[in-house]
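Residue strings, one per chain:
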Amino acid sequence: MGTKKQAEKSKKLWVKVLAVVVGVVFVVLMVVSAMGSSWITSLATVKPGDTVVVDYTLKDAQGSPIMTSNQQLYTQLASQGSGIMFSKTLTLTANRTLGSGVYPIAFYTASTGWSSDNQFALFSSEYNTISAGLVGMRANTQKTISLATAKPMTQFWSADQLTAGNMSLSSIQVGDYLNMGVSSGTTAGEAASSAPTYIRLGKVTNKTADGITVDFSYPSIDVTVTSINPTSS
């Protein structure tokens, strides 16, 4: 008799445990169903050829932000008097080699707004490095990509060249930023008159009685993947 009651008690216990397990599985299925396919998207990684939308912050050699799509960061630095530029998110093709020398990016500044002349020059080598660096990333993940090059991106501007550009050597100090004209197929400061001109921000790194040295490189960029559109196979 005692054995029979024990068996019935054990059976009821298993029924309760089974009911709990089934209930948990049901809840999990309900949660997954409510999430739709977003959880699958979050696990997907960027593959070559995918169209990727990224938030980014481009930085100079000192780590100071030059241009960003982060509105909160832009507002904070602009309120402090920074000449930081703001742009929308970038849409890039992962692991793509750019066919032209410059990838133009429309930008906004507190002084000029969204002027049609506000077109930033991202060099093809920089675009290619960023594009390749996106491969393997997941949505909502952040990464710092090095854009450092073996060849320094600097130019020397003589006092005569500055005068020709309506600038005075005496008014320029080390640490100042200068707008430099760039067109596809040229280097900064050597824009061809017949080609569209884009802007590159250069930083004065040295000054002598003869002129100034301007560095227009941006050694790093912070990117955050906001969406991935897989390439059709």
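What counts and how
- Residues numbered from 1 in each chain as written.
- Predicted model: local features only at pLDDT ≥ 70, side-chain atom pairs only at ≥ 80, totals over all residues.
- Heavy atoms only, no water.
- Helix = DSSP H or I, 4+ residues; strand = E, 2+ residues; numbered from the N terminus.
- Contact = heavy atoms within 4.5 Å.
- Areas by Shrake-Rupley, 256 points an atom, 1.4 Å probe, with all protein chains shown as cover.
- Pairing = 2+ DSSP bridges.
- Right-handed = clockwise from strand over helix to strand, strands pointing away.
- Core = buried A, V, L, I, M, F, W, Y, C linked by side-chain atoms within 4.5 Å.
- Buried < 20%, exposed > 50% of the residue type's maximum accessible area, 1.4 Å probe, protein only.
- Polar contact = N/O pair within 3.5 Å; in protein donor to acceptor, adjacent residues only side chain to side chain.
- Salt bridge = Lys/Arg side-chain N within 4 Å of Asp/Glu carboxyl O.
- Arc of directions from axis to C-beta.
- Phe/Tyr/Trp six-rings, centres within 6.5 Å; stacked < 30°, edge-to-face > 60°.
- Lys NZ or Arg CZ within 6 Å of the ring centre and 35° of its normal.

**Q** Lay out the overall build of the chain with the relevant residues and their values.
**A** Counting its secondary structure elements, the chain contains 5 helices and 12 strands. Sequence separation of 24 or more characterises 62% of the internal contacts of the chain that already satisfy a separation of 6 or more. Summing over all exposed atoms, the chain offers an accessible surface of approximately 13,500 Å²; the carbon and sulfur share of this is 57%.

**Q** Outline the environment of Ile 130, listing residues and values.
**A** Examined against the element boundaries, Ile 130 turns out to sit in helix 4 (residues 124–133). Once the C-alpha coordinates of Ile 130 and Thr 144 are considered, the two residues, 14 residues apart in sequence, prove to be 9.6 Å apart. With residues up to four places along the chain from it excluded, the contact list for Ile 130 reads Leu 92, Leu 122, Ile 145, Leu 147, Ile 221 and Val 223.

**Q** Could you give an account of the pairing of strand 2 (residues 65–68), with specific residues and numbers?
**A** Looking at chain direction, strand 1 (residues 51–59) and strand 2 are connected through 3 bridges and run antiparallel. Its bridge partner being in strand 2, Leu 58 is matched across the sheet by Met 67. Taking the residues between adjacent antiparallel strands as the criterion, strand 1 and strand 2 are bridged by 5 residues, where Gly 63 takes a positive phi near 85°. Here 2 bridges tie strand 2 to strand 3 (residues 85–86), and the two strands are oriented parallel to one another. Bridge pairing in strand 3 places Thr 68 opposite Phe 86. Note that the unit made of strand 2, helix 3 (residues 71–79) and strand 3 has a crossover that is right-handed.

**Q** Please provide a residue-by-residue account of the nonpolar core, values included.
**A** Ranked by size, the top nonpolar core spans 30 residues in total, and within it Tyr 56, Ile 105, Phe 120, Ile 130, Leu 134, Ile 221 and Val 223 carry the most contacts. Contributions of two or more residues to this core are made by strand 1, strand 2, strand 4 (90–93), strand 5 (102–106), strand 6 (119–123), helix 4, strand 10 (198–207) and strand 12 (220–229). Not counting the four nearest positions on each side in its chain, Leu 134 is found in contact with Val 46, Val 52, Val 54, Leu 92, Val 223 and Val 225.

**Q** Would you mind going over the side chain of Asp 222 in detail, with residue names and values included?
**A** Along the chain, Asp 222 falls in strand 12. Side chain to side chain, Asp 222 and Thr 144 meet in a polar contact 2.6 Å long. When sequence neighbours within four positions are dropped, the list of residues in contact with Asp 222 reads Asp 55, Tyr 56, Thr 57, Lys 59, Gln 142, Lys 143 and Thr 144.

**Q** Summarise the pattern of salt bridges; cite the residues concerned and give the values.
**A** Using the criterion set out here, one finds 3 salt bridges in the structure. A salt bridge links Asp 222 to Lys 59, with the nearest nitrogen and oxygen atoms 2.9 Å apart. In this pair, Asp 222 is assigned in strand 12 and Lys 59 in strand 1, connecting sequence segments 163 residues apart. A residue is classified by how much of its surface remains accessible, and Asp 222, at 16% relative accessible area, is buried. A salt bridge links Arg 200 to Glu 126; its shortest N-O distance comes to 2.5 Å. Pair noted here: Arg 200 is in strand 10 and Glu 126 is in helix 4, with a separation of 74 residues, a long-range link. Both residues of the pair, Arg 200 and Glu 126, belong to the buried class.

**Q** Let's hear about helix 4: which residues, and what values?
**A** In an α-helix there are 3.6 residues to a turn, and that puts residues three or four apart on one side. Glu 126, Tyr 127, Ile 130, Ser 131 and Gly 133 are the residues of helix 4 that are buried. Projected down its long axis, helix 4 carries its buried residues within an arc of 165°, all on one side. The elements touched by buried residues of helix 4 are strand 4, strand 5, strand 6, strand 7 (142–146), strand 10 and strand 12.

**Q** Which residues make up helix 3, and what are the values?
**A** The residue sitting at the N-terminus of helix 3 and contributing the capping side-chain oxygen is Asn 70; that oxygen lies 3.0 Å from the backbone nitrogen of Gln 72. Backbone geometry just downstream of helix 3 places Gly 81 in the positive-phi region, at approximately 95°.

**Q** Explain the packing of aromatic side chains residue by residue, including any values.
**A** For the structure shown, the criterion picks out 7 aromatic pairs. Measuring from ring centre to ring centre gives 6.2 Å for Phe 86 and Trp 114, while their planes differ by 70°; the resulting arrangement is edge-to-face. A residue pair is termed long-range when its members are at least 10 positions apart, and Phe 86 in strand 3 and Trp 114 in the loop between strand 5 and strand 6 qualify at 28 residues. Judged by its relative accessible area of 13%, Phe 86 is buried. Judged by its relative accessible area of 45%, Trp 114 is partly exposed. Between Tyr 108 and Trp 114, the ring centres sit 5.6 Å apart and the planes meet at 50°, which makes this aromatic pair tilted. Taken together, the ring pairs in this structure connect Tyr 74, Phe 86, Tyr 108 and Trp 114 into an aromatic cluster. Positioned over the ring face of Phe 123 is Arg 200, at 4.1 Å from the centre of the ring.

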